[in-house]
Amino acid sequence: MENAALNIVVLVKYVPDTQFDRHLTGENHRLDRNESILSELDEYALEAALAITDDRGGAKAGNFVTALTLGPASAVAAVKKSLQIGATSGVHVSDEALAGSDAWSTSLALAAAVRTLGPVDLIITGMSSTDGETSLVPTQLAARLGLPAITFASSLELDGTTVTARRDGDDVSEDIQATLPVLVSVTDQANEPRYPNFKGILAAKKKKITTLSLADIGLSADAVGHIGSLTRVDSAAERPARTAGTIITDAGDAGIQLVDFLAAQKLI
Amino acid sequence: MTAIVVFIDQINASGTLHSTSQQLLTLARSAGEAVVVVAGPVSEDLAAELGVHGVARVLHSEQSELADFLIAPKADLVAQVAASVSASAVLLENSPAGKEIAARVGVALNAGVITDAVTVENQGGALLAHKSVLAGSYMVQAQATSAVTVISVKSHSVEARAAAQTVVPVVERIEVTFGPASLGARIIRRTSRTASGRPELEDARIVVAGGRGLDGDFGPVEELADVLGAAVGASRAATDAGWISHAAQVGQTGKKVSPQLYISVGISGAIQQKAGMQTSKVIVAVNKDSESPVFEIADFGIVGDLFKVLPQAVEEIKRRRS
Ligand SMILES: Cc1cc2nc3c(=O)[nH]c(=O)nc-3n(C[C@H](O)[C@H](O)[C@H](O)COP(=O)(O)OP(=O)(O)OC[C@H]3O[C@@H](n4cnc5c(N)ncnc54)[C@H](O)[C@@H]3O)c2cc1C
């Protein structure tokens, strides 16, 4: 049987670059989103989607890879980067009322947005965001859409409509199988993400980005954001930055000095 | 008293109570009445241990779906029990499975979910969770604003203590209705890895971690770990190279550890590595390059060849002990 063209949605998040200091600000301790980029863990999700569609003739054969983000106006940069890497189109869910959404309300809004995209075969996400780092959203999105979820996949294959993935736990590895439609979150072991090339950057300029407001996805403002969220941050304390301690250069007895240090710290 | 549901997984398990579960039960007791949900069988040993922790009520299911499909059926079990006992909170261990159950219970019960809690305190019935965020740069206090609170709790959040009074739990076997999508991701093969016999990374008081500088030979790191009774960790460069299991990876996409002592060996200290270890109490670094970023966060740093420094330290520890 001929493989049907695929409609894949990849979740991409615009997050503060982890290379810089990150800060919580304001009354509600929200993350300062300056100096943000496409989350590097989402590049693995994009790569997984593109590898699957490349195998089936890519966009020319009617396969779609939609990069979907939810975030402030600036978050469209994550979608643009995804289009440069190879996604076929982008969707940006953006609304003032979404600010401060926790995983529960973020997954609610993402589910509503996915429903506007018609039948989706596969949703691929990164293993976690690099800012919130809870890994809650992929599973909650799957639960809301009534899709099976394969989380933390370190490999992912699609054969016809059968998805096979491996999950590496601490003391056991599992091979998992599911039939489309399904949601998969992939780890940084799953593949080697491609970089955007010159051709991709030019092509991205012609690709379509759809912006969706809360009204467009049929949600009211009090279902999301700070009001709709079911968790709240009461207080935040910045930890004092670590500072360098004693640094010695080995002059033949550093191993002994190491033991002296551990003994002085009562660690041995 | 309000019911606090604690989930214990006994699928492919030993039939005894893991230390993390003991901690969750201690926590649950401080906030209400612990009701335990078990996926799989409840052995006599387990029931007795639960009794020592003051657990009067245990609900469990041995339906085969719990073992045959990925996580979702376990979440159905937890959510249905939590609803039936009108639980005010659900506590889970902070493993990938624990967090996924938390996520699903959150959707099923319209409950706020907090992951990675390092401590949980009961303030007049509200559970306040403390967690470290942004790679350890902030400590926040968070709480759920919903009727039900779901928290996945890291190990060592509290010291496990037995209840003042031992009880004999009533163990009730139940049947759960699984959602159609819960039976969509089937486990077709399980491959066990052999245990190293060393402490678990996230539980260990001391971690000795090795990186690319080990050049394929984890021997020096393992020997130091063994004289210190430490767990062995690694950088992604070392796990990617296949020198050690991926389960040993410390960092942004590996384990997040905060032991009393972290000894970093032949690791440069990239931002993703730091994200998993910079909340350690004391950090020691051994690296031959004095410019390595790891020295910026080390309490004690040695610029030197690990193949000389580590064996010497191991000999010295043995000498002092004999
Ligand atoms: C998405 C993503 C996620 C990542 N997640 C993680 C993660 O979770 N954990 C992680 O660790 N990394 C992670 N990384 C990789 C990270 O960026 C670094 O590449 C990695 O940590 C480097 O490992 P290393 O320090 O062992 O190797 P290197 O950076 O190559 O450093 C090796 C060090 O060994 C020293 N050395 C060499 N020989 C000796 C000797 N004989 N004696 C003493 N010192 C010696 C060198 O001076 C050098 O500093 C991630 C990267 C990406 C892109």
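Because the structure is a prediction, the values reported are computed rather than measured.

Trainee: Honestly, the overall build of chain A in this entry has me stumped. Any pointers?
Mentor: When helices and strands are counted, chain A shows seven helices and 15 strands. With respect to the three principal axes, the spread of C-alpha positions in chain A is 70 × 45 × 40 Å. Per-residue burial over chain A gives 51% buried out of 268 residues. Put simply, of all contacts in chain A between residues at least 6 apart along the chain, 71% involve residues at least 24 apart. Placing the 22 positive and 34 negative side-chain charges of chain A at their respective mean positions leaves the two points 7 Å apart.

Trainee: Would you explain the interface of chain A and chain B in this entry?
Mentor: The figure often quoted for interface size is the accessible area lost as the parts come together. With 78 residues of chain A in contact, the opposing surface of chain B contributes 86 residues. Across the interface of chain A and chain B, roughly 7000 Å² is buried in total on both sides, 54% from carbon and sulfur atoms. Inspection of the chain A/chain B interface yields seven salt bridges. Ionic pairing is found between R320 of chain B and D260 of chain A, a salt bridge with its closest N-O pair at 2.5 Å.

Trainee: Can you walk me through the packing of helix 4 (residues 136–145) of chain A against helix 5 (residues 96–108) of chain B in this structure?
Mentor: The packing of two helices is summarised by the inter-axis angle and the distance between the axes. The interhelical angle for the contact between helix 4 of chain A and helix 5 of chain B, taken along N-to-C directions, is 45 degrees, at an axis separation of 9 Å. One way to sum up the angle between helix 4 of chain A and helix 5 of chain B is to call them oblique. For the crossing formed where helix 4 of chain A meets helix 5 of chain B, the hand is right-handed. Residues L136, T139, Q140, A143 and R144 of chain A of helix 4 of chain A lie in contact with helix 5 of chain B, whose contacting residues are K99, E100, A103, R104, G106 and V107 of chain B.

Trainee: How should the sheet that holds strand 13 (residues 209–212) of chain A be read in this particular structure?
Mentor: Strand pairing in a sheet relies on backbone hydrogen bonds. The paired strands run either parallel or antiparallel. One open sheet holds the ten strands; their spatial order is 13(A)-7(A)-6(A)-1(A)-8(A)-12(A)-9(A)-10(A)-11(A)-10(B), and the pairing between them is mixed. In this open sheet, the two strands that pair with only one neighbour each are strand 13 of chain A together with strand 10 (186–192) of chain B. Adjacent strand axes in the sheet meet at a mean angle of 30 degrees when their direction is disregarded. Where helix 3 (residues 103–115) of chain A meets the sheet, it contacts strand 1 (7–11), strand 6 (64–70), strand 7 (89–93), strand 8 (122–126) and strand 13 of chain A, and its direction lies at approximately 145 degrees from that of strand 6 of chain A.

Trainee: Please clarify how empty space enclosed by the protein should be interpreted in this entry.
Mentor: Left-over empty space is what a probe sized like a water molecule reveals as it rolls over the atoms. Scanning the entire structure with this criterion turns up two cavities of 30 Å³ or more. Put simply, the largest cavity is a space of about 50 Å³. Forming the walls of the largest cavity are M127, S135, P138, T139, T151, F152 and S185 of chain A together with P96, K99 and E100 of chain B. When residues in the lining of the largest cavity are grouped by element, the largest group, three residues, is from helix 5 of chain B. Taken together, the residues of the lining of the largest cavity sort by class into four nonpolar, four polar and two charged. Computed from the structure, the second largest cavity encloses a volume of approximately 30 Å³. Lining the second largest cavity are P148 and A149 of chain A together with L70, A72, E100, R104, A181, S182, G184 and A185 of chain B. A breakdown of the residues in the lining of the second largest cavity according to their chemical character gives six nonpolar, two polar and two charged.

Trainee: Mind showing me how you'd approach the UniProt feature "domain: Electron transfer flavoprotein alpha/beta-subunit N-terminal" (unreviewed entry) in chain B here?
Mentor: In the numbering adopted here, UniProt assigns the feature "domain: Electron transfer flavoprotein alpha/beta-subunit N-terminal" (unreviewed entry) to residues 4–187 of chain B. A distance of 30 Å separates the end C-alpha atoms of residues 4–187 of chain B, which is 28% helix and 33% strand.

Trainee: What am I meant to see in the domain arrangement of chain B here?
Mentor: Residue and element names in this part refer to chain B. Per the domain assignment, the segments of chain B are domain 1 (3–183) and domain 2 (201–321). Put simply, the middle of domain 1 and the middle of domain 2, counted by C-alpha atoms, are 33 Å apart. The interface of domain 1 with domain 2 comprises eight residues on the first partner and six residues on the second. In terms of surface lost to domain 2, no three residues of domain 1 exceed A135, K154 and H156, which account for 62% of the buried area on that side.

Trainee: Quick question: what am I supposed to make of the nonpolar core here?
Mentor: One broad trend across soluble globular proteins is that nonpolar side chains are buried collectively. Of all hydrophobic cores here, the largest spans 104 residues; its most connected members are I124 and I150 of chain A. Excluding anything up to four places from it in sequence, I124 of chain A contacts I8, V9, V10, L11, A45, A48, A49, L156, V184 and V186 of chain A. Grouped together as the second largest cluster of nonpolar side chains are 36 residues, I248 and L267 of chain A together with L214 and L306 of chain B included.

Trainee: How do you make sense of the site of the ligand when you look at a structure like this?
Mentor: Every one of the 30 residues lining the ligand counts as a neighbour, but R212, S235, Q249, S268 and N287 of chain B are closest to it. More than one chain reaches the ligand: its neighbouring residues belong to chains A and B. At a separation of 3.0 Å, an oxygen atom of the ligand approaches a polar backbone atom of R236 of chain B. The separation between an oxygen atom of the ligand and a polar side-chain atom of S268 of chain B is 2.6 Å. Notes on the ligand: free accessible area 980 Å², of which the protein chains cover 83%. When residues of the shell around the ligand are traced back to their parent elements, those giving at least two are helix 7 (236–240), helix 8 (271–274) and helix 9 (306–321) of chain B.

Trainee: What is the right way to read the side chain of N287 of chain B from this model?
Mentor: All names here are of chain B. With respect to the helices and strands, the residue N287 is situated in strand 14 (residues 282–287). Here N287 falls in the buried class, since its relative accessible area comes to 9%. A distance of 2.8 Å separates the side chain of N287 from the backbone nitrogen of D289, its partner in a polar contact. Here N287 is in contact with G266, I267, S268, S292, V294, F295, I302, V303 and G304, once residues within four sequence places are set aside.

Trainee: Got a minute to help me understand the environment of L91 of chain B in this structure?
Mentor: All names here are of chain B. Relative to the assigned elements, L91 resides in strand 4 (residues 89–93). Along the primary structure L91 and V6 are separated by 85 residues, whereas in three dimensions their C-alpha atoms are 5.0 Å apart. If we skip the residues at most four places from it in the chain, L91 touches I4, V5, V6, F7, L24, L27, A28, I151 and V153.

Trainee: Could you clarify how one ought to interpret the pairing of strand 12 (residues 182–186) of chain A in this entry?
Mentor: Residues in a regular strand point their side chains to alternate faces of the sheet. All names here are of chain A. Judged by how many residues are buried, strand 12 sits mostly within the fold: five of five residues are covered. Side chains of strand 12 alternate between two faces, with V182, V184 and V186 and L183 and S185 buried alike. As paired elements, strand 8 and strand 12 share five bridges and run parallel to each other. When the bridges of strand 12 are listed, L122 appears paired with V182. In terms of strand pairing, strand 9 (residues 149–159) meets strand 12 through three bridges, oriented parallel. Pairing of I150 across the sheet is with V184, part of strand 12.

Parameters and conventions
Residues numbered from 1 in each chain as written. Chains lettered and ligands numbered in written order. Predicted model: local features only at pLDDT ≥ 70, side-chain atom pairs only at ≥ 80, totals over all residues. Heavy atoms only, no water. Helix = DSSP H or I, 4+ residues; strand = E, 2+ residues; numbered from the N terminus. Buried < 20%, exposed > 50% of the residue type's maximum accessible area, 1.4 Å probe, protein only. Contact = heavy atoms within 4.5 Å. Lys, Arg positive; Asp, Glu negative; His and termini not counted. Charge placed at Lys NZ, Arg CZ, Asp CG, Glu CD. Buried area = accessible area lost by both parts, 1.4 Å probe. Salt bridge = Lys/Arg side-chain N within 4 Å of Asp/Glu carboxyl O. Axes fitted to C-alpha atoms, helices over the stretch in contact; angles between N-to-C directions. Parallel < 35°, antiparallel > 145°, perpendicular 65-115°, else oblique. Left-handed = near helix turned anticlockwise from the far one by under 90°. Pairing = 2+ DSSP bridges. 1 Å grid on protein atoms, 1.4 Å probe; cavity = no way out; pocket = protein on both sides within 12 Å on 5 of 7 lines; lining within 4 Å. Points joined across faces, edges and corners; volume = space filled by probe spheres on them. Nonpolar A, V, L, I, M, F, W, Y, C, P; charged D, E, K, R; others polar. UniProt positions renumbered as here; feature names shortened; annotations may be inferred. Domains from an automatic or database assignment. Core = buried A, V, L, I, M, F, W, Y, C linked by side-chain atoms within 4.5 Å. Near = heavy atom within 4 Å. Polar contact = N/O pair within 3.5 Å; in protein donor to acceptor, adjacent residues only side chain to side chain. Areas by Shrake-Rupley, 256 points an atom, 1.4 Å probe, with all protein chains shown as cover.

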